[in-house]
Structure formats: C-alpha cells, structure tokens
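# Coordinates in review
This is what each chain is made of:
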Amino acid sequence: MQNIINQNTLSYFSCEFFCLAGIILNSILYIFFAKKTNIKRISDFLTCIIFIICIITLAAIGITNSINFNEMYHFPIGEYIPNDKKTICLKISIYIFLLAFIFITYKLTRKIKFKTPVINSILLLIAIISGFLIKSENILITYVLLDILTILIYKFASKMRIKKQAYYSTNFIIIGICASVLFFGFYILTFLIKDYVQLNIINVCLTLAFFLKIGLFPFSNYISANNTKTNIPYSILLFGFLPWMATIGFNNITKFTNFTGEIYQISITMFLTLTIAYFGLMTLKQKNLTKFLAKSNYCLTSFCLLNTLFMSANNTTIKYSTLLAFCIMGIFSLLCIIKINLKALKINLLTIEGLAFNNQFFALIFSIMLLILTCTIPSGILKYGAEILKTVYSYDKLAFCAVFAITLANILILINSLKIIQSLYTVNLKRIKDKFKKKTMLNYIVSFSIIIFCAISLFL
C-alpha cells in the first residue's frame, strides 16, 4: 500500500520534476553553448517538449483517477494534497497557456541580444510556482507565491530589454514593495488583535494589499510600468496570466478564511465596484491596444472577484477567469502578428488602420476575438459572465451598484472594441497596409483554437 502511495505522490509531482529538468538543461545550454547559432531554437523546442510531456502526464493521471475514484494523494510529510478534476484541469490549462505562449512569441524572443534559454527557464519556473499556487488555500502562502510570480514575470521582461536605461521599471518595483510591506504588516497585526471589528478592518487592508500586488488598483497599477506597451510577451504574462492566477488564488483563500464580516463585504464590494467603473471608463478613449486589453482585463477580473466575494470558492469564477485569460492571450497573439510584420514599436488605432484591405482573414479573426471578449458573440465568457451577474444582482441592494457599474463598463469596452474594428476596416489609401508576408501560422492557429474553445465552453 505504501508503495502505491509513494508512486502516486511521485506521479503527481512528476510535472514539477520535468520542469526542473528543463531549467537545468536550459541553464546548460546557456552556459556552455550560448554562442551557437541554433541555441535559441533548441531551447524553444526543448521547453515545448517538456510542456507537452506535462500535459500528457496530467491527462494520464486524471484518467487513472477517474478509473480508481481517487481524489487525494498522501504527501510524504503526512498531509493530503487535492487531486480532484478541477486541480488537474487547471494545471493542464497552465501548461497549455505557456506552451501557446511560446508558439505565439518565439519570433519576438529570438532576437540576437535576448537570452532565450534564460527566458524559457523563467517560464518553466513560472509553471512550477503556478502549480503550487492553484493548490494553496492559505492567504500567506498564496501571497508569497504571487509575489514570486510577479518577480519572475519582471525578470522575464528584464531579459528582453536591450536599452540599458529601460532595464529597470521603477513603477513596477515601487508597487511590489509597497504591496508586500502593507500585506506583511497587516498580516502580523491579525495575530495581535482579537477584536472582531478591528480584524474585519485589517482583513480589508490585507485584501487591498493583495489587489495592489496583482495590479488591480485604479490609480497605481502595472500599466504604467516601463516597456509594457512595446514588449508584448511581457504584457501577456502581466495582464493576462497574473490576474488569472490571482483570481484562482483568491478563490482558494475564501474556502478557509473568514471574509464574511459586514464591514469587509461592504468595503471590498465598494472598492471592486469603483475599480470596475474606473477601468471601464479608461477603456473608452484608449487608443493603445495593449493598454486597452490590460484595462479591459482588470475591469473584468474585478467583476470576477465580486462573485468570489459573495459566493466564496466556486467553479464559475475559475471557469470565467480561465476563458478570460485565454481570450486575452488570443488577442495578444494577433498583436504579435502585427508586431512581426509591421515592426511597430507601439500598436494603436493608426497602426491597424486599413489592415483589412489586404489582410481580410486577420481582420476577421481579430474582430471575432474582440466580440467574444465583450460578450457580443455567444461563448463561455458570456455564459459564465451572465451567471456571475445573476449572483451579484441577487445578493443584496448594495450589489445593484456593482451590477450597474459592470453593465456600464461592458458597454464602454464594447464601444471602444467597435472603434478598433472600424479602424481595421477603414479604407484610407494613404494608410492601407501591405499583405502580411512573414510566416505566423502558429499565431493564427492559437487564436483560432481559442475561438473554438470559447464556443465549445458555451455547452460545458
């Protein structure tokens, strides 16, 4: 029996072992073969193979558990770790996301001065930390893992900066330090104060520090960080992947943390409502597409967190945030095509004006992705978004303000999305772009697959 338990434990953590092996191999490639011409290609191929092996391994574990009806594995230190379908599916989703990330960004990360083996090592480490994060149900551990995740994303971006003066992002560092100081300070206070009302106020402050760490703050967030508008791979991780992991982490925390006090509920509801309204308004006149996607995702993530606040841990939040993360990545995948072909430093409305004239398929896919994001085209995002809206609306009178805010924000996001689509189809002979000639088939495949996935999720 003990042998079976040990084998199960080893199988469960085999993906982490594979990722560690990938980090070691990428490090060897960088140290001993850095000057080889094909080293970047070999590193990408190696990392992709590891992610594929992890996906197959997790799928096999899931099938085995379904047959044997196992839901837990015994951990060597005497505790139990969850091994339900939701956890396995989330880990598979993470590996698929990072695999697709390599597919859509490899042409942007193979430039001469970029350290591709180091970048891929960071991606593998992000996969490991994310795997632990989705199983964490303690607020301190969850925050520490998120902190490590933000540092890794920052290090990923720093390895893609050529100009020395743009190596550091002061805003990013200040936000991270302030969030950590506030969080750990208030966390220590929870052990010193026993009064119920004061503990509720401290929990509010803890949660706000948590939101600050993931960039979910109206006037102080990662949108102002250096290079987010020009470094698309950085933006995908920062504005697509990080909010997704944070939503899962917050969802898990609510299983065992008492966040049900009236003071806490009212305060956080008001904050998230104001956040939704703020980012919704900020998307209305946003011409830069990276900023538009970042603010849209922050707005929709705040809406998602409201559901967790009212309903505690639930699967609807997880499904909605997962679809949202993949949809954001799908749109960024298309921005990579523009970046590769037009070599634009920043992508705004003028950059994409007239693209549909010679790139009709691109314009069609781009338009569909935006309409899925704004719930105009039926998809899983629309389905689960409607369920969350119903939950928030039926909670209490205060939630009516939140419903009004998210409805208004969605309308504003839709209006600007239509402006973006209009710009694609604007016929201006002076600004019509040539047909895309560089091969970006993988980017199209990823975006098209996400569209299919969102459509199928409508019936799941």
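Bear in mind the structure is a predicted one, so any value in this text is a computation, not a measurement.

It is worth spelling out the overall build of the protein at this point. From N to C terminus, the protein includes 17 helices and two strands. Taken over 460 residues, the protein has a buried fraction of 56%. Restricting the contact set of the protein to residue pairs at least 6 apart, pairs at least 24 apart contribute 80%. Accessible surface, the protein as shown: approximately 20,500 Å² in total, 69% of it carbon and sulfur.

A word on the nonpolar core. Looking at soluble globular proteins, one finds that nonpolar side chains tend to be buried together. Of all hydrophobic cores here, the largest spans 146 residues; its most connected members are Phe211, Phe241, Phe362 and Phe366. Among the elements that make up this core, the one with the highest residue count is helix α12 (residues 315–342) (17 residues). Apart from the residues within four sequence positions on either side, Phe211 is in contact with Leu216, Phe217, Phe250, Ile268, Phe271, Leu272 and Leu305.

In this structure the tally under the stated criterion is two salt bridges. Among the ionic pairs, Lys91 bridges to Glu16, the shortest N-O distance being 3.0 Å. Of this pair, Lys91 sits in helix α4 (residues 85–105) while Glu16 sits in helix α2 (residues 14–32); the two residues are 75 residues apart in sequence, bridging distant segments of the chain. Between Asp147 and Lys213 there is a salt bridge, with the nearest N and O atoms lying 2.8 Å from each other. Of the two residues, Asp147 sits in helix α6 (residues 139–158) while Lys213 sits in helix α8 (residues 196–213), which places them 66 residues apart along the sequence.

Let's shift gears to unusual backbone geometry. Positive phi values are uncommon outside glycine, yet Lys343 reaches one of about 55 degrees. Take Lys343: it is sitting in the loop between α12 and α13 (349–352). At Cys375, a residue that is not glycine, the phi angle is positive and equals roughly 65 degrees. Position of Cys375 among the secondary structure elements: in the loop between α14 (360–373) and α15 (380–393).

A cluster of nonpolar side chains, Ile24, Leu25, Ile28, Tyr30, Ile31, Phe32 and Phe33, forms an exposed patch at the surface whose accessible area comes to about 690 Å². In this structure, Leu25 sits in helix α2. Taking relative accessible area as the criterion, Leu25 reaches 39% and is therefore assigned partly exposed.

Running from N to C, helix α5 (residues 116–133) and helix α9 (residues 232–253) point in directions that differ by 20 degrees, and their axes come no closer than 10 Å. With respect to α9, the axis of α5 lies roughly parallel. Seen along the crossing, α5 lies across α9 with a hand that is left-handed. Contacts between α5 and α9 involve Leu123, Ile126, Ser130 and Leu133 from the first element and Leu237, Phe241, Met245 and Asn252 from the second. Residues of the contact of α5 with α9, tallied by class, amount to six nonpolar, two polar and no charged.

This brings us to the environment of Lys291. Note that Lys291 resides in helix α11 (residues 289–311). Note on Lys291: relative accessible area 23%, which makes it partly exposed. Taking the C-alpha atoms as reference points, Lys291 and Ile347, 56 residues apart in sequence, are found 9.8 Å from one another. Setting aside residues up to four positions removed in sequence, Lys291 forms contacts with Ile223, Lys229 and Gln286.

Moving on to the packing of aromatic side chains. All chains considered together, the criterion is met by 28 aromatic pairs. Here the aromatic rings of Phe279 and Tyr298 are separated by 5.3 Å at their centres, their planes lie at 45 degrees, and the arrangement is tilted. On the criterion of sequence distance, the pair formed by Phe279 in helix α10 (residues 262–284) and Tyr298 in helix α11 is long-range, its members being 19 residues apart. Using a relative accessible area of 0% as the deciding quantity, one classes Phe279 as buried.

The subject of this paragraph is a positive patch on the surface. On the surface, Lys107, Lys343, Lys438 and Lys439 cluster together into a positively charged patch. Structurally, Lys438 is set in the loop between α16 (398–424) and α17 (441–456).

The subject of this paragraph is the environment of Leu293. Structurally, Leu293 can be placed in helix α11. For Leu293, a relative accessible area of 2% translates into the label buried. Taking C-alpha positions, Leu293 is 9.9 Å from Ser417, a pair spaced 124 residues apart along the chain. Residues in contact with Leu293, not counting those within four places in the same chain, are Ile328, Ile331, Phe332, Leu335 and Leu373.

With respect to the secondary-structure elements, Asn297 resides in helix α11. The contacts of Asn297, once residues within four sequence positions are left out, are Phe239, Gly240, Pro243, Leu324 and Ile328.

Count 3.6 residues to each turn of an α-helix, and residues three or four apart come out pointing the same way. The first and last C-alpha atoms of α8 sit 26 Å apart over 18 residues, in line with the 26 Å expected at 1.5 Å per residue. Buried residues along α8 sit against α6, α7 (170–192), α9, α10 and α11. Sitting at the amino-terminal end of α8 is Asp195, which places a side-chain oxygen 3.2 Å from the backbone nitrogen of Val197. Gly215 lies just past α8 and shows a positive phi near 90 degrees.

Okay, the confidence of the model for the protein next. Confidence in the prediction for the protein averages 85 pLDDT; 88% of positions are at 70 or higher. Taken as a whole, residues 1–10 scores under 50 in pLDDT and shows six contacts with residues more than four places along the chain or in a different chain. Contacts from residues 72–82, a stretch scored under 50 in pLDDT, to residues over four places away or in other chains number 27 contacts.

The rules behind these values
Residues numbered from 1 in each chain as written. Predicted model: local features only at pLDDT ≥ 70, side-chain atom pairs only at ≥ 80, totals over all residues. Heavy atoms only, no water. Helix = DSSP H or I, 4+ residues; strand = E, 2+ residues; numbered from the N terminus. Buried < 20%, exposed > 50% of the residue type's maximum accessible area, 1.4 Å probe, protein only. Contact = heavy atoms within 4.5 Å. Areas by Shrake-Rupley, 256 points an atom, 1.4 Å probe, with all protein chains shown as cover. Core = buried A, V, L, I, M, F, W, Y, C linked by side-chain atoms within 4.5 Å. Salt bridge = Lys/Arg side-chain N within 4 Å of Asp/Glu carboxyl O. Patch = residues over 30% accessible without salt bridge, like charges linked within 9 Å, V, L, I, M, F, W, Y side chains within 5 Å. Axes fitted to C-alpha atoms, helices over the stretch in contact; angles between N-to-C directions. Parallel < 35°, antiparallel > 145°, perpendicular 65-115°, else oblique. Left-handed = near helix turned anticlockwise from the far one by under 90°. Nonpolar A, V, L, I, M, F, W, Y, C, P; charged D, E, K, R; others polar. Phe/Tyr/Trp six-rings, centres within 6.5 Å; stacked < 30°, edge-to-face > 60°. Lys, Arg positive; Asp, Glu negative; His and termini not counted. Charge placed at Lys NZ, Arg CZ, Asp CG, Glu CD. Expected span 1.5 Å × (residues − 1). Polar contact = N/O pair within 3.5 Å; in protein donor to acceptor, adjacent residues only side chain to side chain. pLDDT = per-residue confidence, 0-100.

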